[in-house]
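Listed here are the chains, written in short residue letters.
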Amino acid sequence: MRLSRRSFIRSSALLWLGFFGFKMRREVPVIRPPGATSDFLARCIRCGKCGEACPYDSIKFFDISAGANVATPYIDPLETPCYLCLKRTSEGKDEPLSDYLLCGEACPTGALKKIKNDRDTLLSLPDELKMGISVLNRDICLAWQYDSCGECYYNCPLRDDAMLDYPPNEVITGAVGIRPYVNEKHCVGCGMCNYVCPVNEKIAKATVEPGRKLTYFEERYAAMVRNVIGKAGREVKLPAVRVVKRV
Ligand code: SF4
Ligand code: SF4
Ligand code: SF4
């Protein structure tokens, strides 16, 4: 059977979409806002005050299908990460919006602890009060594979402490650009890297949607994203850098 050029493009695109749909599973771990205590579920009275206080609308609430988690707060970094109550100035500096992280300050029961909004405090936060930890897959990272990108490094609010531009204690032959590296000790799991990483399902699909005009950002990374995902195998988890719960 002969296909017209249009049908061919359409069926190729659908094949890609099916391929991605099968391969890419979106996992949304239960990431709590910063300062959640180990007895969070027992302490949270589902008042919603943390969400009202968040200036970035980063906090969402589980619906009734979430069982015991119903009406409790969570953060989905792919939708809106936690901005750590910082504001980026036109000079590219991150400045605190408040003396304390606003969600913890608003929490009436201490389910979210009150955390001072300064870099030193955030860098020395006990692990149990962090939102999670970011994990980076070098096999699908555009910086590691193609000497490109670096969005995660440049956008990390704790850049050069939580996210480094090169792994310590490693020598990488032929490295020209940066090689992002998550420093477990300081990463608080805000999800900013997760949010900005272009190796994501949305861009992968956008590249094969018939008639879809790519944005400048999508266009810049589209070919590389398709290549790394195509090479990665069946069970690839996206994006290339993702926040997971600390264990
Ligand atoms: S720390 Fe600030 S930006 Fe992050 S979830 Fe809490 S209120 Fe929102
Ligand atoms: S989650 Fe990513 S952006 Fe946030 S502190 Fe960790 S490395 Fe930085
Ligand atoms: S944003 Fe994603 S692709 Fe880009 S350097 Fe970071 S992990 Fe790699």
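Everything below is about the structure printed above this text.
Bear in mind the structure is a predicted one, so any value in this text is a computation, not a measurement.

Caption draft 1: Inspection of the site of ligand 3 at higher detail. In the vicinity of ligand 3 lie 14 residues, with Cys141, Leu142, Cys149, Cys152 and Cys197 positioned nearest. Secondary structure elements with two or more residues in the shell around ligand 3: helix H6 (142-146) and helix H7 (151-155). In terms of residue class, the shell around ligand 3 is made up of twelve nonpolar, one polar and one charged.

Caption draft 2: Highlighting the site of ligand 1. By nearness alone, every residue bordering ligand 1 is listed as Pro34, Cys54, Pro55, Tyr56, Ile59, Ile75, Cys82, Tyr83, Leu84, Cys85, Leu101 and Cys103. Of the residues assigned to the shell around ligand 1, the class counts are twelve nonpolar, no polar and no charged.

Caption draft 3: Representation of the pattern of salt bridges. Counting across every chain of the model gives 13 salt bridges. Here Arg138 and Glu170 are joined by a salt bridge, their closest N and O atoms 2.9 Å apart. Residue Arg138 is found in the loop between strand E5 (133-136) and H6, and its partner Glu170 is found in the loop between strand E6 (163-164) and strand E7 (181-182); the two are separated by 32 residues along the sequence. Assessed through its relative accessible area of 29%, Arg138 is described here as partly exposed. What makes Glu170 partly exposed here is its relative accessible area of 31%. Salt-bridge contacts for Glu151 lead to Arg220; the nearest nitrogen and oxygen are separated by 4.0 Å. With Glu151 in helix H7 and Arg220 in helix H10 (residues 216-232), this pair connects stretches of sequence that are 69 residues apart. Overall, the relative accessible area of 14% leaves Glu151 in the buried class. Through salt bridges with shared partners, one network takes in Asp127, Lys130 and Arg246.

Caption draft 4: How the structure looks around unusual backbone geometry. Put simply, Leu238 and Pro239 share a cis peptide bond, and its omega is -5°. Mapped onto the elements of the fold, Pro239 is located in the loop between H10 and strand E8 (241-244). The phi dihedral of Asp57 is positive, around 60°, even though this residue is not glycine. Notably, Asp147 is not glycine yet its phi reads approximately 55°, a positive angle. The topology assignment puts Asp147 in the loop between H6 and H7.

Cut-offs used in this document
- Residues numbered from 1 in each chain as written.
- Chains lettered and ligands numbered in written order.
- Predicted model: local features only at pLDDT ≥ 70, side-chain atom pairs only at ≥ 80, totals over all residues.
- Heavy atoms only, no water.
- Near = heavy atom within 4 Å.
- Helix = DSSP H or I, 4+ residues; strand = E, 2+ residues; numbered from the N terminus.
- Nonpolar A, V, L, I, M, F, W, Y, C, P; charged D, E, K, R; others polar.
- Salt bridge = Lys/Arg side-chain N within 4 Å of Asp/Glu carboxyl O.
- Buried < 20%, exposed > 50% of the residue type's maximum accessible area, 1.4 Å probe, protein only.

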